[in-house]
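Examination of the molecular architecture
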Amino acid sequence: MRTIAEIENEIIDDFALFDTWEEKYQYIIEIGQKLKPLAAEFKTDDNKIKGCQSSVWLTASENNGIIEFSADSDSVFVKGEIALLMEVLSNQTPDAIVNAELGFIDQIGLRSHMAQTRANGLAAMIKQMKLYAVGFQHKNV
Amino acid sequence: MRTIAEIENEIIDDFALFDTWEEKYQYIIEIGQKLKPLAAEFKTDDNKIKGCQSSVWLTASENNGIIEFSADSDSVFVKGEIALLMEVLSNQTPDAIVNAELGFIDQIGLRSHMAQTRANGLAAMIKQMKLYAVGFQHKNV
Amino acid sequence: MELTSVKSTFDVTAIRKDFPVLSEMPYGKPLVYFDNAATSQKPQVVIDALVNYYSHYNANVHRGVHFLSQKASDAFDAVREKVRSFINAATEREIIFVRGTTEGVNLVAATYGRKNIQQGDTILVSAMEHHSNIVPWQMLCEEKGARLNVIPMNEKGELVLDSLEDLLNDNCKFVAVTHTANSLGTINPIKEIIAKAHSKNIPVLVDGAQAVAHDEVDVQDLDCDFFVFSAHKMLGPTGIGAVYGKLSLLEEMPPYHGGGEMIKSVSFKGTTWNEVPYKFEAGTPNIADVIAMGAAIDYWYSFDRAAAHQQEIDLLNYCTSKLADIPSVRIIGTAKNKAAVISFVIDKANAMDVGMFLDTKGIAVRTGQHCAEPVMDWFGIPGTIRASFMFYNTLEEVDYFIEQLKKAIQLLAV
Amino acid sequence: MELTSVKSTFDVTAIRKDFPVLSEMPYGKPLVYFDNAATSQKPQVVIDALVNYYSHYNANVHRGVHFLSQKASDAFDAVREKVRSFINAATEREIIFVRGTTEGVNLVAATYGRKNIQQGDTILVSAMEHHSNIVPWQMLCEEKGARLNVIPMNEKGELVLDSLEDLLNDNCKFVAVTHTANSLGTINPIKEIIAKAHSKNIPVLVDGAQAVAHDEVDVQDLDCDFFVFSAHKMLGPTGIGAVYGKLSLLEEMPPYHGGGEMIKSVSFKGTTWNEVPYKFEAGTPNIADVIAMGAAIDYWYSFDRAAAHQQEIDLLNYCTSKLADIPSVRIIGTAKNKAAVISFVIDKANAMDVGMFLDTKGIAVRTGQHCAEPVMDWFGIPGTIRASFMFYNTLEEVDYFIEQLKKAIQLLAV
Ligand SMILES: Cc1ncc(COP(=O)(O)O)c(C=O)c1O
Ligand SMILES: Cc1ncc(COP(=O)(O)O)c(C=O)c1O
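Attention in this report is confined to the structure presented alongside it.

Below, the discussion takes up the overall build of chain A. Secondary structure summary: chain A contains six helices and two strands in total. The N-to-C order of helical and strand elements in chain A reads α-α-β-β-α-α-α-α. Compactness check: chain A gives a C-alpha radius of gyration of 15 Å against a globular reference of 14 Å for 141 residues, within 12% of the reference. Judged by the C-alpha coordinates and their principal axes, chain A covers about 45 × 30 × 25 Å. Buried residues in chain A amount to 49% of all 141 residues.

Shown next, in the form of structure tokens:
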């Protein structure tokens, strides 16, 4: 199993291939379009993340101490962000997720081109993923 | 009897001799210092002009339809202003005083170097002189 | 009608040179600035006015005997007359300087409103107000036990005045309505609303934030009681704006903030207020920005305003017709009488995704609720993409915008 | 002590080059600017920050997805942290942008004050407050049926704290006191006053308008509950300033103005507020001046502040001793702990006459009541002549000032 830091570094390397924000944006859109849609039954108000201007749904399941996330959004760009976050945080232990610093977000230059509302949304998604992890931590005590 | 306009023109000519505001200021101070002090009995609250930051006292008397002003101030500069106003408005008829436009004040560049409070004070003095004239107008009806 | 062939006598190429920002190259691409309803760009003369003030005669105003203070006071005072003339107020005493529209509305609510609104009264706003012309009245209603009523609108984003007579009933004590809606572009029949309100002796505040940048405003002709606007939307600096109020109303109003300049005399026993408008302007004013606002007003008189206005109408019509050709585009706000603001949504595409795409191409539009959440709720949408024009925009920019928008739709609406 | 020989390591000649106004020549004479307590001059970097903003990235903040808006938002947001660090607040959420000190005091009165002051309460100010820290409290008292109490001062212009315990009685619900008095120069023992008030759980607002320009301020060390100041007195632009408030207090306070940005959600049914500090910042902020205020703060860190402070102390001591040699001069405000502000009167000479005389010589001083009428009443004088220094002033300027002042006395005190 690759560590969170290792995956982050791979993503940073991927993004290093792009010179411009335009290319990065299009790449995130591409990733977003590849994200498997969430089944309608999971698109509930309970699973909706507060603080995102776009609608974002997120669920998590645990199997043998390993967490898996599934998510969807009405924004392709946000789906791209989620896909990146899931690449890093899915299939990790609750501890690893809780402690993740996620420096890659700044390093790939994601945050610097977002409106405040969208940056807040990103922060809210990360917070929700960590809250799920905290929940599973306690379950395993 | 010289008209108000004639006297104003003379004053404008006098001030035209000065190139700088510094010289004009000193000239006004000189005029102020020559103004006869008002007898203490006239320095009453009744004779004080409201709206001047400096203390200014003003009285008027009428003789054969001709008005004479007397005035004093704790400011030499204001005394200079009063002296100029009195040169123009004393020894005139009430009608002439009421109708005087006093363009010389702007033309000699007096107003453009005064703080607002002092400009307000000047306006208050003129208003009071005209009010006296109005009073004497009615008396003569 | 072949709209591409519209030729205006207005020399937009020359005008654009007056605005330094328009030469910016975000991401190496020429800037297409279509976010003018949020804030306009500034001509060089406005920037120069600031530089000139701070470099040559910065001083506090009104209280000083010295040269710099005199010069600053003269320049500052002259702007009140410029603002008066810009909106044709009867006297410059009717002009109060504030931070902008928002502070202006709050000033009226805190002075006129607090004094005159009582429990059980209603205040009437419209369905298309900016938050700045809703929330201050909600807060006042909350404080006083009064109630907010709303002039409804139709699906075109036009006010429906059928119920106006009813709404202007005996309880109604104040009307606050926008001249031009920033979210929809609708230009409201303000004069008619004012006349109807006045027939019941109800005073009217007009939110002029969008109007002053696009139309010539005559407050005496409108006969409005209050009119508020921001300099930053009409080529002036941020941080300054004005409240116009009828002198007779201003005279009766309690003061706003307490402090220096707004008083005649202060003692611990009691204090007396200065005259209108100073009664409403406590503390050191925003001297530099007032002066720069004056430079912006001067600039408005330096070109052919009618031609500039026509340029905006051309931009509006041209862009509207081009958007109408794109099947997935739905324009929100299709009033007959519109300013150069186009809000729209795209089937299946998220507005902010589109905005971000356009941004990567150098195009600045706004996405979201435009501080008009009730309008979005009315249309049942989370937000719109908004392109808003100023006379310095070009039809070529619209072409480029449409071209890139089509690409965005191809990429994002799937 | 031979004060003329004071040599500072501070390179005032170099520093002066940073301030374009200092090269002005009113009436063809070199400007001697001794009106710094009214407003300071601005270094070139502050002017450049404005030009740079308006020329390259003017846009409305926070709401935009586009490049310019992003750049403007980043620059704007960064200043909150700069202000936090400048006064050492615990978090940047404790910083609210306002027009200046006056609006700041009014904001606290309208929010904290309106919520917490009740009939029969007292608010305590000092005898040496600026009108801006008196009138808002008088207005609040008037509204609430509360009463204003006053910490007295002695003939030196020092607060007399003997009665403080009594004044901080059970009725007392708020203290508002100036750090440094603009009319007298007195630096008050704020920390002691705050500690005493806190021992009775009474919150304290500090008027920092004069203090920030002369002393390093640490709001956590002072432990004040509110601290307000204006940028224009500390090398920044007009039209901007800040309120510091302890987070726990700000969280409890009702909002100030209603409008855009200060809300989370708006509907005609009801509205929810945004978080601190945005709850207190309705509408488009004064973006350009916030950014320029940030440039001013950066500038404060670009030179040796201790040396600059020493320069001001040298100016104060030197000028004070020179004035003491002139028999007809009486200094008003002779506190032990003083900022570089000297107020004085001259036997038999009218203060404004003297100010006008000095003006003709290129010297800018202020005359009058300095928005502190109760101070003038206390001393039984109509006003003073005030020379107030900034680190960019020189001892040579003081020499010239004294020389011209003597001439003024000769001419005017007769
Ligand atoms: C001590 C003090 N408080 C308050 C103020 C008011 O500041 P402003 O006019 O910038 O609002 C001033 C300056 O005039 C001052 O010196
Ligand atoms: C119609 C309308 N009203 C009010 C405002 C608020 O103006 P400001 O943010 O300058 O206070 C705006 C602009 O945002 C607006 O478009």
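Let's shift gears to the relation of the copies chain C and chain D. For the pair chain C and chain D, the best superposition has an RMSD of 0.0 Å and corresponds to a rotation of 180 degrees with a translation of 0.0 Å parallel to the axis. In short, the pair behaves as if placed about a two-fold rotation axis. Closest approach to the rotation axis within chain C is made by the C-alpha atom of C:Gly239, at a distance of 3.4 Å. A share of 100% of interface residues in chain C that are also interface residues in chain D marks the association as one of identical surfaces.

Once that is clear, we can look at the site of ligand 2. Within the structure, ligand 2 sits among 15 residues, and C:Thr102, C:Asp207, C:Ser230, C:Lys233 and D:Thr284 are positioned closest to it. Looking at the residues close to ligand 2, they fall on chains C and D. Within the contact set of ligand 2, an oxygen atom lies 3.1 Å away from a side-chain nitrogen or oxygen of C:His130. In this structure, an oxygen atom belonging to ligand 2 sits 2.6 Å away from a side-chain N or O atom of D:Thr284. In isolation ligand 2 has 390 Å² of accessible area, and contact with the protein removes 98% of it. Its residues assigned to classes, the shell around ligand 2 shows one nonpolar, twelve polar and two charged.

Moving on to the packing of aromatic side chains. For the structure shown, the criterion picks out 66 aromatic pairs over all chains. Aromatic side chains C:Tyr112 and C:Phe174 sit 5.5 Å apart centroid to centroid with 35 degrees between the ring planes, which places their arrangement in the tilted category. Residue C:Tyr112 is located in helix α4 (residues 101–116), and its partner C:Phe174 is located in strand β5 (residues 172–178); the two are separated by 62 residues in the primary sequence. With respect to class, C:Tyr112 is no different from C:Phe174; both count as buried. Geometrically, the ring pair formed by D:Phe19 and D:Tyr392 is tilted, given 4.7 Å between the ring centres and 55 degrees between the ring planes. Here D:Phe19 is found in the loop between α1 (12–16) and β1 (32–33), whereas its partner D:Tyr392 is found in the loop between β15 (384–388) and α14 (395–412), with 373 residues between them in sequence. Exposure class is identical for D:Phe19 and D:Tyr392. Each is buried. Feature note: the residues C:Phe10, C:Phe19, C:Phe86, C:Tyr299, C:Trp300, C:Tyr301, C:Phe303, C:Phe391 and C:Tyr392 constitute an aromatic cluster, connected by ring pairs.

As for its position among the elements, D:Arg366 is in strand β14 (residues 366–368). Accessibility expressed as a relative area gives 3% for D:Arg366, which makes it buried. Within polar-contact distance, the side chain of D:Arg366 engages the side chain of D:Asp35 at 2.7 Å. With residues near it in sequence (within four places) discarded, D:Arg366 still touches C:Asn60, C:Val61, C:Arg63, C:Gly64, C:His66, C:Ser69, D:Asp35, D:Ala38, D:Thr384, D:Ile385 and D:Arg386.

Moving on: the interface of chain B and chain C. Each partner contributes residues to the interface: chain B has six residues there, and chain C has six residues. It is B:His113, B:Ala115 and B:Gln116 in chain B that bury the most area against chain C; as a group they hold 71% of the surface buried on that side. In this structure, the connection of chain B to chain C is made through zero salt bridges. Linking chain B with chain C are zero residue pairs in polar contact (both at pLDDT 80 or more), by the criterion used here. Of the residues in the side of chain B that touches chain C, the class split is two nonpolar, three polar and one charged.

What follows deals with unusual backbone geometry. Residue and element names in this part refer to chain C. Here the amide bond leading from Val276 into Pro277 is cis, since omega sits at 5 degrees, within 30 degrees of zero. In this fold, Pro277 is placed in the loop between β10 (270–273) and α10 (287–300). Positive phi, normally seen in glycine, also occurs at Asn88, with a value near 55 degrees. Under the relative-accessibility criterion, Asn88 is labelled partly exposed at 28%.

Opposite the 92 residues of chain C that make contact, chain D presents 92 residues. Considering only the surface of chain C that becomes buried against chain D, C:Tyr54, C:Val65 and C:Phe268 emerge as the three largest contributors, covering 12% of it. Among the salt bridges present, the one from C:Arg99 reaches D:Glu103, with a minimum N-O distance of 2.8 Å. Counting across the chain C and chain D interface gives 40 residue pairs in polar contact (both at pLDDT 80 or more). In terms of residue count, the dominant contributor to the side of chain C that touches chain D is helix α2 (residues 44–57) of chain C (eight residues). Tallied by class, residues from the side of chain C that touches chain D come to 46 nonpolar, 33 polar and 13 charged.

Before going further, it helps to spend a moment on helix α3 (residues 76–89) of chain A. All names here are of chain A. Taking 1.5 Å of rise per residue, the 14 residues of α3 would be expected to cover 20 Å, and the 19 Å separating its terminal C-alpha atoms lies within 8% of that figure. Counting buried residues in α3 gives 13 out of 14 residues, a clear majority hidden from the surface. Residue Ser75 occupies the N-cap position of α3, its side-chain oxygen lying 3.2 Å from the main-chain nitrogen of Phe77. Positive phi shows up at Asn91, right after α3, with a value of about 65 degrees.

All names here are of chain B. For helix α1 (residues 4–16), spanning 13 residues, the distance from its first C-alpha to its last is 18 Å, which sits close to the expected 18 Å at 1.5 Å a residue. Turning to α1, its buried residues are Ile4, Ile7, Glu8, Ile11, Ile12 and Phe15. One face of α1 carries all of its buried residues, which in axial projection span an arc of 140 degrees. Exposed residues lying more than 90 degrees from the buried face of α1 are Asp13 and Ala16. Among the structural elements, α2 (21–34), α3 (76–89), α4 (94–99) and α5 (104–107) are those in contact with the buried residues of α1.

Rules behind the numbers
Residues numbered from 1 in each chain as written. Chains lettered and ligands numbered in written order. Predicted model: local features only at pLDDT ≥ 70, side-chain atom pairs only at ≥ 80, totals over all residues. Heavy atoms only, no water. Helix = DSSP H or I, 4+ residues; strand = E, 2+ residues; numbered from the N terminus. Rg over C-alpha atoms; globule rule 2.2 N^0.38 Å. Buried < 20%, exposed > 50% of the residue type's maximum accessible area, 1.4 Å probe, protein only. Least-squares fit on C-alpha atoms with pLDDT ≥ 70 in both. Contact = heavy atoms within 4.5 Å. Near = heavy atom within 4 Å. Polar contact = N/O pair within 3.5 Å; in protein donor to acceptor, adjacent residues only side chain to side chain. Areas by Shrake-Rupley, 256 points an atom, 1.4 Å probe, with all protein chains shown as cover. Nonpolar A, V, L, I, M, F, W, Y, C, P; charged D, E, K, R; others polar. Phe/Tyr/Trp six-rings, centres within 6.5 Å; stacked < 30°, edge-to-face > 60°. Buried area = accessible area lost by both parts, 1.4 Å probe. Salt bridge = Lys/Arg side-chain N within 4 Å of Asp/Glu carboxyl O. Expected span 1.5 Å × (residues − 1). Arc of directions from axis to C-beta.

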